[in-house]
Amino acid sequence: MATVKPFLTVANGRKAVEFYIAAFGAIETKRFEMSDNKISSVIEIDKAEFYVGDEEPNNGNLSPDEKSRNSVRMILNTKKADKIFEKALANGATELCPMTTEEDWRIGKLKDPFGHIWEIGYKL
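About the criteria used
Residues numbered from 1 in each chain as written. Predicted model: local features only at pLDDT ≥ 70, side-chain atom pairs only at ≥ 80, totals over all residues. Heavy atoms only, no water. Phe/Tyr/Trp six-rings, centres within 6.5 Å; stacked < 30°, edge-to-face > 60°. Helix = DSSP H or I, 4+ residues; strand = E, 2+ residues; numbered from the N terminus. Buried < 20%, exposed > 50% of the residue type's maximum accessible area, 1.4 Å probe, protein only. Pairing = 2+ DSSP bridges. Arc of directions from axis to C-beta. Contact = heavy atoms within 4.5 Å. 1 Å grid on protein atoms, 1.4 Å probe; cavity = no way out; pocket = protein on both sides within 12 Å on 5 of 7 lines; lining within 4 Å. Points joined across faces, edges and corners; volume = space filled by probe spheres on them.

**Student:** Explain the packing of aromatic side chains to me, and be specific about the residues and the numbers.
**Tutor:** When we look at a pair of aromatic rings, we describe it by the centre distance and by the angle of the planes. Under the criterion given, the structure shown has ten aromatic pairs. Ring geometry for phenylalanine 7 against tyrosine 51: centres 5.8 Å apart, planes inclined by 5°, an arrangement best described as stacked. Taken together, the positions of phenylalanine 7 in strand 1 (residues 7–10) and tyrosine 51 in strand 4 (residues 48–54) put the pair 44 residues apart, joining distant regions of the chain. Seen from their ring centres, phenylalanine 50 and tryptophan 118 are 5.8 Å apart, and the 70° between their planes marks the pair as edge-to-face. Here tryptophan 118 lies in strand 8 (residues 117–123) and phenylalanine 50 lies in strand 4, a separation of 68 residues in the sequence. Each member of the pair, phenylalanine 50 together with tryptophan 118, is buried. The structure contains a cluster of three or more aromatic residues connected by ring pairs, namely Phe19, Tyr20, Phe24, Phe50, Phe114 and Trp118.

See below:
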């Protein structure tokens, strides 16, 4: 079975891991310490795995900023969507679209403090 695991590049990896733990109930399963106090971590939310790491400009790995046109959105499909959405906002995320019910989906959209856009919801 093939899988796709996103790697989110951020300006402050340690702060980002703290945010995802507090806001999304994530679990950090692995951490790789790098030079200059940078990290690369493996994170899980309800067993959905992804990576978070500090910027590495020399390798072309930069975090999104207000001017970037990042076309990638994270879709977190979980029955805990309402709770996670509220916790994310309380921990510094910005609401882009409130939690709402659209046809057969319960979904909300936010931007985390590191510039990544998340759609959080579940099929009804």
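From this point, things continue past the structure.
**Student:** Would you mind going over the pairing of strand 8 in detail, with residue names and values included?
**Tutor:** In terms of burial, strand 8 is largely enclosed, as five of its seven residues are buried. Pairing of strand 5 (residues 73–77) with strand 8, which is carried by five bridges, proceeds in the parallel orientation. Opposite leucine 76, over in strand 8, you have isoleucine 120 as the bridge partner. By the bridge criterion, seven bridges tie strand 7 (residues 105–111) to strand 8 in an arrangement that is antiparallel. Its bridge partner being in strand 8, arginine 106 is matched across the sheet by tyrosine 122. The hairpin formed by strand 7 and strand 8 contains five residues between the paired strands, and glycine 115 there has a positive phi angle of roughly 95°.

**Student:** Go over helix 2 (residues 81–90), please, and point to the residues and values.
**Tutor:** If you check which residues of helix 2 are buried, you get Ala81, Ile84, Phe85 and Ala88. End-on view of helix 2: buried residues confined to an arc of 100°, all on one side of the axis. More than 90 degrees from the buried face of helix 2, the exposed residues found are Lys83 and Ala90. Buried residues along helix 2 sit against helix 1 (13–24), strand 5, strand 6 (94–102), strand 7 and strand 8. Positive backbone phi, approximately 110°, marks glycine 92, located one or two places after helix 2.

**Student:** An account of the layout of surface pockets is needed here, citing residue identities and associated values.
**Tutor:** It is a probe the size of a water molecule, rolled over the atoms, that shows where empty space is left. The calculated volume of the largest pocket comes to roughly 320 Å³. Along the walls of the largest pocket sit 16 residues, with Pro6, Ala48, Glu49, Met74 and Ile75 positioned nearest its centre. Secondary structure elements with two or more residues in the lining of the largest pocket: strand 4 and strand 5. If you add up the space inside the second largest pocket, you get close to 170 Å³. Contributing to the lining of the second largest pocket are Ala23, Phe24, Gly25, Ile27, Glu44, Ile45, Asp46, Lys47, Lys80, Lys83, Ile84 and Lys87. Contributions of two or more residues to the lining of the second largest pocket are made by helix 1, strand 3 (39–45) and helix 2.

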